[in-house]
Amino acid sequence: MAEASRWHLGGTPKHKLRYREDVEIRTTLQELLLYSIFLINLCILTFGMVNPHMYYLNKVMSSLFLDTSVAGEERTNFKSIRSITDFWKFMEGPLLDGLYWDSWYNNENLYDLKSSRIYYENILLGLPRVRQLKVRNGTCKVHAFFRSLMDECYDKYTSKNEDMADFGLKQHTEWKYSSPHMNSPWHWGFAGVYRDGGYIFTLSKSKSETLNKFINLRMNSWITRGTRVIFIDFSVYNANVNLFCIIRLVAEFPATGGILTSWQFYSVKLLRYVSFYDYFIASCEIIFCIFIIVFTIQEIKKLKEFKFAYFKSIWNWLELLLLVLCFLTVFFSLYSNMKIYHMLGQLLRNTEKYSDFYFLAYWHIYYNNIIAITIFFAWIKNMFLAIINDTYSEVKADYSIGRRPDFQLGKMIKKSYNNALEKLKLKKPGTDEDKKRENKDLAEKARREGFDEKEIQSAEQMKKWKERLEKKYYSTEIQDDYQTVTQQEFRDLFLYAVELEKELHYVSLKLNRVMRKVSALQ
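Remember, it's a predicted structure, so these values are computed and weren't measured experimentally. (Residues numbered from 1 in each chain as written. Predicted model: local features only at pLDDT ≥ 70, side-chain atom pairs only at ≥ 80, totals over all residues. Heavy atoms only, no water.)

**Quick notes on the packing of helix α4 (residues 84-99) against helix α5 (residues 207-219)**
Inference 1: Between α4 and α5, the least distance of the axes is 10 Å, while the angle of their chain directions is 170°. Classed by the angle they form, the pair α4 and α5 counts as roughly antiparallel. Residues Trp88, Met91, Glu92, Leu95, Leu96 and Asp97 of α4 touch α5, and the partners they reach there are Lys207, Thr210, Leu211, Phe214, Ile215, Leu217 and Arg218.
Inference 2: Taken together, the residues of the contact of α4 with α5 sort by class into 8 nonpolar, 1 polar and 4 charged. (Axes fitted to C-alpha atoms, helices over the stretch in contact; angles between N-to-C directions. Helix = DSSP H or I, 4+ residues; strand = E, 2+ residues; numbered from the N terminus. Parallel < 35°, antiparallel > 145°, perpendicular 65-115°, else oblique. Contact = heavy atoms within 4.5 Å. Nonpolar A, V, L, I, M, F, W, Y, C, P; charged D, E, K, R; others polar.)

**Remarks on the packing of helix α6 (residues 276-306) against helix α7 (residues 314-349)**
Working note: a packed helix pair is described by the angle between its axes plus the distance between those axes.
Inference 1: α7 packs onto α6 with a crossing angle of 145° between their chain directions and a minimal axis gap of 11 Å. Classified by chirality, the crossing of α7 by α6 is left-handed. Across the interface between the two elements, Phe288, Cys289, Ile292, Phe295, Thr296 and Glu299 from α6 touch Glu319, Leu323, Cys326, Phe327, Thr329 and Val330 from α7.
Inference 2: Of the residues contributing to the contact of α6 with α7, the split by class is 8 nonpolar, 2 polar and 2 charged. (Left-handed = near helix turned anticlockwise from the far one by under 90°.)

**A closer look at the environment of Leu95**
Inference 1: Here Leu95 lies in helix α4.
Inference 2: When its relative accessible area of 0% is taken as the criterion, Leu95 is described as buried.
Inference 3: C-alpha of Leu95 to C-alpha of Thr68: the two residues are 27 residues apart in sequence and 8.8 Å apart in space.
Inference 4: Sequence-distant contacts of Leu95, defined by excluding residues within four places in its chain, comprise Phe65, Phe90, Phe214, Ile232 and Leu249. (Buried < 20%, exposed > 50% of the residue type's maximum accessible area, 1.4 Å probe, protein only.)

**Some remarks on the state of the cysteines**
Inference 1: By the definition in use, this model includes 1 disulfide.
Inference 2: Between Cys140 and Cys153 runs a disulfide, and the two sulfur atoms are separated by 1.7 Å. Across the disulfide from Cys140 to Cys153, rotation about the S-S bond amounts to roughly -110°, and the bridge is consequently left-handed. With Cys140 in the loop between β2 (122-134) and β3 (187-188) and Cys153 in the loop between β2 and β3, the pair connects residues that are 13 residues apart, well separated along the chain.
Inference 3: Residue classification places Cys140 among the partly exposed residues on the basis of a relative accessible area of 23%.
Inference 4: With a relative accessible area of 14%, Cys153 lands in the buried category. (Disulfide = S-S within 2.5 Å.)

**Some words on the pattern of salt bridges**
Inference 1: On inspection of all chains with the given rule, the structure shows 12 salt bridges.
Inference 2: Note that Glu152 and Arg225 form a salt bridge whose closest N and O atoms lie 2.9 Å from each other. With Glu152 in the loop between β2 and β3 and Arg225 in the loop between α5 and β6 (227-238), this residue pair connects regions lying 73 residues apart in the sequence.
Inference 3: For Glu152, a relative accessible area of 30% translates into the label partly exposed. (Salt bridge = Lys/Arg side-chain N within 4 Å of Asp/Glu carboxyl O.)

**Structural notes on the UniProt feature "transmembrane region" (unreviewed entry) in the chain**
Inference 1: Sequence positions flagged by UniProt for "transmembrane region" (unreviewed entry) are, in local numbering, residues 32-51, 276-297, 317-336 and 357-380.
Inference 2: Counted over residues 32-51, helix gives 85% and strand 0%. Its end C-alpha atoms are 30 Å apart.
Inference 3: As annotated, residues 357-380 comprises 96% helix and 0% strand, and the C-alpha atoms at either end are separated by 35 Å. (UniProt positions renumbered as here; feature names shortened; annotations may be inferred.)

**A few points about the side chain of Ser267**
Inference 1: In this fold, Ser267 is placed in strand β8 (residues 260-268).
Inference 2: Accessibility expressed as a relative area gives 9% for Ser267, which makes it buried.
Inference 3: Among the polar contacts listed, one links the side chain of Ser267 to the side chain of Asn58, at a separation of 2.6 Å.
Inference 4: Excluding its chain neighbours within four sequence positions, the residues that come into contact with Ser267 are Met54, Leu57, Asn58, Phe244 and Cys245. (Polar contact = N/O pair within 3.5 Å; in protein donor to acceptor, adjacent residues only side chain to side chain.)

Here it is in structure tokens:
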């Protein structure tokens, strides 16, 4: 009867239940292996886009244009600009010296070049550009008490307050307003958000001509009370490391007075496929797309199978979020590459104008951001890989002593999570009441799966043997007077105890049968 109850309770044979559990474990491990390969591939893609040269190129350029001071005792550099006078000193000093490298260290002229070479290695692409945005007078109101002292009022910068009228000499582009381009990104500053356009001029290839230009602008008050921001944009390319450095220096003139300086140095790899390592990254990109297709098919099958119940699981929502981010990553990669190859040739053909690489860097930074978010959520899923592997080892150990563990993934993770907290002393160990409750739950589950009371009692007894052995020989808090044992010694002791318990159980059954026969004879 006991055997019959074990095999036929609920119409489901015991070996089939075990088979389904084994299949579930095998499927889970296969998915974990597949996802681990996907995660490694994604990490290669992410970290393959950056290299130490990006940091060093940024450091060299920022040191040249931010930390170089005006000649003399004033020690004024871009970071220390606080007034319009300081700004013009920087423009006519460190900026010019940093942009124009026309001689070697021994004052010999450089060989014939079409463009300046900063530090002799970085080609200046096109011509640098200076751009100003202003606000109109009367964009704010002066209180009646002070109108006799001040009749002009310039508010903070907004697109509605922007001044678009010609001013000053009203000659050339620096005195005339230029409309913004539709697709150009806005710039987020300290004192406002600024759009493209404004009063623009490009520098000359000659250092002396550019110096005369600055002097002329300074003498004719190109910077006014309505000035709210000035951008200095230029780009360089280093062929030695195949990197573009897009540079933007920003001087904001808030309505409070003074000047706030900020800067952006973007070292990016716009020409992505040059070396053999680049083609290896390209192969990883293809593998990434294959993984996206495989995962998409898996999620579609789950959705068809579970229908609306699919959306009740938080893990399924995480899968969908990860897929959406992966598709966005592919989209940004394709779009940025198309834009780069379309615009790069046009920008490099004309060296007499400003080459707007800032737009290309803008999309490249977006791509980096989206893939960073993708890898963040990828590492959150299942971050639990080590926990699940640890739990699987515990489950295999449970099988060896006759326990019938629950293979629900959520409970497996929760159990390992609580164990980790206890080991880190972030949570108090389970009390005796918790252990009794756990044992009771296991016993109830065993009854539902067809085990009789004797088998349940036998399993509970074997569990007690295991806990005693663990406490005596395998505790993590072994005292100095205890003699530690090896894993093999512990295993031998444990197997001996299990076999001894089985023999005792067998003898007990035989003894019960003999006692029944004696009673019948009497």
